[in-house]
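Spelled out from the first residue to the last, the chains are:
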Amino acid sequence: FDEIDAALQYANDDWEKVRGLLGGKGANLGEMTRINIPVPPGFTITTEACIAYLDSSGTFPDRMWEQVQDGLADLEKRLYKKFGDPENPLLISCRSGGKFSMPGMMDTVLNIGLNDQTLARLIAMSRNPRFAYDSFRRLIQMFGNVVMGIDDALFEDIISNKRLQAGVKHDTELDADHWKAVCEKFKTVFSRQSRHPFPEDPMEQLKRSIEAVFKSWNGKRAIDYRNAANIPHNLGTAVTIQAMVFGNIGNDCATGVALTRNGTTGENVIEGDYLVNAQGEDVVAGIRQTQNLKDMSRDMPETYHEFERIAKNLEDHYREMQDVEFTIEKGKLWMLQTRDGKRTAQAAVRIAVEMTMEGMISKKKAVMRVTPEQVDFFLHPQFDPTSLKKAEQDGNKLASGLNVSPGAAVGQVAFDADIAQAWATKENKKVIMVRPETKPDDVHGMLASEGILTSRGGRTSHAALVARQFGKPAVVGVSDILIDMSNRSMTVNDLEIKEGDWISVDGTSGDIYLGKLSTIVPDIKDPWLIKLLSWADQFRHLGVWANADYPGDAKRALDYGAEGIGLCRSEHMFFETERLPHFRKMIMTDFPLERRESLEALLPFQREDFAGLFRVMDGKSVVIRLIDPPLHEFLPDHIQLLKNLSDLKLQIRDAATLKHLDDLLEEIRAKETLLKRVEILRESNPMLGLRGVRLGIVIPELTSMQVRAIFEAACMVIREGGYVKPKIMIPLTSHVNELKQQRQVLEDEAEKVMHEHDIRVDYSFGTMIELPRAALTADQIAEHASFVSFGTNDLTQTTFGISRDDAETGFLVQYMESGILPENPFETIDREGVGRLLQIAMEKGRSVRPDLECGICGEHGGDPQSIHLCHDLKLTYVSCSPFRVPIARLAAAHAAI
Ligand code: ADP
Ligand code: MG
Ligand code: MG
């Protein structure tokens, strides 16, 4: 497989260039032709030509038009037809397609070459006037819309009127005469709207279509889409000119789209939609109810069989799930497009794993194919089962549709994209966008919404594709919903729902509910994900640990694959209601005896917490950080306290009894003492104040108590027969002497406890490096620490001199918007500054102690880009929130591959 991977990589680099020039569509049409898949012949004008055309504000580059004519002549020779020839006319399509797929964002014109003369010939040759007129009206319509910018609704209205007049429901029921009349009306609309008659000259039709496709690269829809999908704006579109094949000649003809595997679940079965007697655009437009591809295996078994064979062939060739367009002309199958299929995160994982097991790709490739963001989706909210049950019992389930993009979404109904966007961005509302179907110019609304709901459309509809790509929960084709745009409401089985009402959409099941359902975060039990992550583990060098303070968190972290606890914040436990009073008492007193008493009261709590962690982790590393935050965080707020006091003083006047007065005065005295303490402890820069190791130095009893709790817990668990590996970590060290001093206090207490219990605990002692001075003197620090953990939150804060708590809502936002900072340094480690400090610390630390264990804890530990940096710097592990552990495992593998 390594050889195959290398060869593929080599081929890929060239393929990238080909795709850049011919666009995905053109390149793949060429490739399909090369491997003998039936594709109507054609040629492609490069993206370079498009860029040149747009740059020169509308002139074809030198010789391009001549080359187009040469290409056309070649086509004519091969097909024994002639473009514009009244005897034997060649009809062609003019198709857009850039390097990256942008479904429906740019334009395409079909049936080019038809005019009054060639039309007559087409009628005579096909002996099917209905087909000929239908094709012609499509040309006028597409040319009118795409090239001349005429509103498509004007054309659609004419067709609707015709149906009404003829008393039929579907386009297929309109006959040749109807379409003939439609053609006449279309021409009238065309010339009235554009003040030009419809061009009869096929060459003019072609030339102007090419220009329109070039220009569609800079259409609003296309620009919006590129912005959302992060596609560069300077690539341009290629234009493919291709001989037409017809799916609209009769009932032995059809057109359709398909995915070679299920795009929602990833299951290895073809899924798709098709229409008998129709042309390509009809399938995606949602005008007619499409048929499931399964019907085709019944109605046209031979063609279906051929289709299956080609689908498999394409998958084997590209080693990827494909999204194809096809047309059947009189029983003969033609492929019109293939590209890598869009899929949900679930499908991406399953397909990668199954293709590996089918021997199509290597494990490495499978791991690389899934992104950390996709793994994140597995950890996204789903509806709480009890809340679902209740909704069902209360009769709040409204309807069901196709579950095309999983996840739970709750929001207020908005019936158009602009409202959806305005509500979401300006009013901070949660929105569900509800539409009959979506179009490319709805994308901004879809992106702003929590979820998407449509009453029409199938699994390959626009709404489904876009939702899947951007990870928006979506349900489409809910035919029970009747949308009344004029009243801005919808009815579902007699129930009226107004714009602004709350609904819940379950993209996983396809069900819709009235009101707000509650959501939960699921466990990652998906067998394919588990397999993929186990492969990722084989490639990564970085360890993945988790930040966890309680046994419950530790358990979850283990379930998600964590190999240790990189950070237990030992002070979190002090905030709990039974403990806080003791801790406050400890802070309030000046008497060592009283202080010791309160600490002793806290000891059993801490011991139990640590024992719980040790039991869960069963011999895996548990890094416990001694108390870190400034003490005032444990006391009431200063301003609140002042207000309290003045309220109490006001009450003195109204005291009814002497007893009441006494109580009041008592309370006031107590509050005043508290206030005094709060004022003493108040600091202007608490984050740079009495915290971290400084606390342990000022109040050594605090360190002793915590160390005692850790070692008593360790002895307890060992006695139970368990294994423990405590690692005690000193926060906020800046000078090695701080460490030396604390180490003494710590070792004294540890020895005492171990002696009392007559048990040796295998422990280690280390520190956080979260101040620049510590990073720069890591060699001195490593003499006294057997491990270090980079606290990159504080390190970023102190390196930039930016207070994280204030900046992220303040000027930092402006910094990022105006590009002064490329990224939020609190989200992704700043490689050049903070990263450089890490590098220096690593080099210095390991120069003294080659086996120095180095980790990172804090937000960055779960950020894929920062994980990459940690890999490059050869850290031992990253530690992150349990919910980021699966993501970190994959990101660490990506960094290593
Ligand atoms: P899009 O990128 O919007 O899908 P396409 O260029 O793929 O645009 O074309 C739109 C529709 O027209 C598709 O369904 C396609 O299969 C169909 N089509 C394009 N060229 C031809 C052709 N030469 N013969 C028959 N159908 C075609
Ligand atoms: Mg297409
Ligand atoms: Mg810190």
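Please read these numbers as outputs of a predicted model, since none were measured by experiment. (Residues numbered from 1 in each chain as written. Chains lettered and ligands numbered in written order. Predicted model: local features only at pLDDT ≥ 70, side-chain atom pairs only at ≥ 80, totals over all residues.)

1. Describing the overall build of the protein chain
Then comes step 1: Along its length, the protein chain carries 36 helices and 32 strands.
Then comes step 2: Considering the protein chain as a whole, with its 897 residues, one finds that 47% of them fall into the buried category.
Then comes step 3: Taking as baseline every contact in the protein chain between residues at least 6 positions apart, the subset at least 24 positions apart corresponds to 68%. (Helix = DSSP H or I, 4+ residues; strand = E, 2+ residues; numbered from the N terminus. Buried ≥ 20, exposed ≤ 12 C-beta atoms within 10 Å, placed from the backbone. Contact = placed C-beta atoms within 7 Å.)

2. Some points on the environment of Pro 864
Then comes step 1: Looking at the element boundaries, Pro 864 is found in helix H35 (residues 864-872).
Then comes step 2: We classify Pro 864 as buried; it has 20 C-beta atoms within 10 Å.
Then comes step 3: Once residues within four sequence positions are removed from consideration, Pro 864 is found in contact with Pro 372, Ile 887 and Ala 891.

3. Let's talk about the sheet that holds strand E20 (residues 489-492)
Then comes step 1: The antiparallel open sheet is built from three strands, whose spatial order is E19-E20-E21. Taken across any chain shown, the strands that pair with only one partner, and hence form the sheet edges, are strand E19 (481-484) and strand E21 (495-498). Between one strand axis and the next, the sheet turns through 25° on average, direction left out of account.
Then comes step 2: Two strands pair when backbone bridges link them, and E19 and E20 are joined in this way by four bridges, in the antiparallel orientation. (Pairing = 2+ DSSP bridges. Axes fitted to C-alpha atoms, helices over the stretch in contact; angles between N-to-C directions.)

4. Some thoughts on the confidence of the model for the protein chain
Then comes step 1: Model confidence for the protein chain is summarised by a mean pLDDT of 92, while 98% of its residues fall at 70 or above.
Then comes step 2: At the level of individual helices and strands, the protein chain shows its lowest average pLDDT in helix H32 (residues 804-807), which scores 71, and its highest in helix H29 (residues 772-776), which scores 98.
Then comes step 3: Per the prediction output, this complex has pTM 0.82; the corresponding ipTM is 0.94. (pLDDT = per-residue confidence, 0-100.)

5. Some details on the packing of helix H5 (residues 129-147) against helix H8 (residues 202-216)
Then comes step 1: Here H5 crosses H8 at 45°, and the two axes come no closer than 10 Å. If you check the angle between H5 and H8, you find them oblique. Relative to H8, the crossing made by H5 is left-handed. Here H5 contributes Phe 143, Val 146 and Val 147 to the contact with H8, which in turn contributes Gln 205, Arg 208, Ser 209 and Ala 212.
Then comes step 2: Residue classes in the contact of H5 with H8 are distributed as four nonpolar, two polar and one charged. (Parallel < 35°, antiparallel > 145°, perpendicular 65-115°, else oblique. Left-handed = near helix turned anticlockwise from the far one by under 90°. Nonpolar A, V, L, I, M, F, W, Y, C, P; charged D, E, K, R; others polar.)

6. A look at the site of ligand 1
Then comes step 1: Near ligand 1, the surroundings consist of 16 residues, among which Ser 93, Arg 95, Thr 108, Gly 280 and Leu 336 are the closest.
Then comes step 2: Elements with a minimum of two residues in the shell around ligand 1: strand E4 (92-98), strand E5 (108-112), strand E6 (237-243), strand E10 (322-329) and strand E11 (332-340).
Then comes step 3: Split by residue class, the shell around ligand 1 holds six nonpolar, seven polar and three charged. (Near = placed C-beta within 6 Å.)

7. Side note on the nonpolar core
Then comes step 1: Among the nonpolar cores identified, the biggest contains 238 residues, and Leu 532, Ile 565, Phe 614 and Val 878 are the most heavily contacted of them.
Then comes step 2: Apart from residues lying up to four places away in sequence, Ile 565 is in contact with Trp 545, Ala 546, Ala 548, Ala 554, Leu 613, Met 617, Ser 621, Val 622 and Val 623. (Core = buried A, V, L, I, M, F, W, Y, C linked by C-beta atoms within 7 Å.)

8. Remarks on unusual backbone geometry
Then comes step 1: The backbone phi angle of Asn 428 is positive, close to 60°, even though this residue is not glycine.
Then comes step 2: When the 7 C-beta atoms within 10 Å are taken as the criterion, Asn 428 is described as exposed.
Then comes step 3: Its identity is not glycine, yet Asn 493 carries a phi of approximately 45°, on the positive side.
Then comes step 4: Looking at the secondary structure, you find Asn 493 in the loop between E20 and E21.

9. As for the pairing of strand E25 (residues 543-547)
Then comes step 1: Counting buried residues along E25, five of its five residues qualify, which places the element largely inside the surrounding structure.
Then comes step 2: Burial of the side chains of E25 extends over both faces: Gly 543, Trp 545 and Asn 547 are buried on one face and Val 544 and Ala 546 on the other.
Then comes step 3: Taken together, the four bridges between E25 and strand E32 (residues 877-880) define a ladder with parallel strand orientation. Bridge pairing in E32 links Ala 546 to Cys 880.
Then comes step 4: Pairing between E25 and strand E26 (residues 565-569): two bridges, direction parallel. If you follow Ala 546 over to E26, its bridge partner there is Ile 565.

10. As for helix H4 (residues 116-126)
Then comes step 1: Among all positions of H4, only Thr 118, Leu 119 and Leu 122 are buried. The arc that holds the buried residues of H4, viewed along the axis, is 105°, so those residues lie on one side. What points out from H4, more than 90 degrees from its buried face, is the exposed set Asp 116 and Ala 124.
Then comes step 2: Lining the buried residues of H4 we find strand E3 (89-90) and H5.
Then comes step 3: Looking at the residues trailing H4, positive phi occurs at Arg 127, about 50°. (Arc of directions from axis to C-beta.)

11. Details of the sheet that holds strand E9 (residues 291-292)
Then comes step 1: Across the sheet, which stays open at both edges, the five strands sit in the order E9-E8-E7-E10-E11 with antiparallel pairing between neighbours. Two strands bound the open sheet, and with one partner strand each, they are E9 and E11.
Then comes step 2: Packing against the sheet, helix H12 (residues 301-318) makes contact with E10 and E11, and its axis sits at approximately 150° to E10.

12. Focus on the environment of Thr 188
Then comes step 1: Take Thr 188: it is sitting in helix H7 (residues 176-194).
Then comes step 2: Counting along the chain gives ten residues from Thr 188 to Phe 198, while the straight-line C-alpha distance between them is 8.8 Å.

13. Notes on the environment of Leu 599
Then comes step 1: Assignment of secondary structure puts Leu 599 in helix H23 (residues 592-617).
Then comes step 2: Separated by 103 residues in sequence, Leu 599 and Leu 702 place their C-alpha atoms 7.3 Å apart.

14. Things to note about the packing of helix H6 (residues 152-166) against H7
Then comes step 1: Contact geometry of H6 with H7 gives a least axis separation of 10 Å together with a crossing angle of 150°. Classed by the angle they form, the pair H6 and H7 counts as roughly antiparallel. Relative to H7, the crossing made by H6 is right-handed. In this structure, H6 contributes Leu 154, Phe 155, Ile 158, Ile 159, Lys 162 and Ala 166 to the contact, and H7 contributes His 178, Ala 181, Val 182, Lys 185, Phe 186, Val 189 and Gln 193.
Then comes step 2: Class assignment of the residues belonging to the contact of H6 with H7 gives a composition of nine nonpolar, two polar and two charged.

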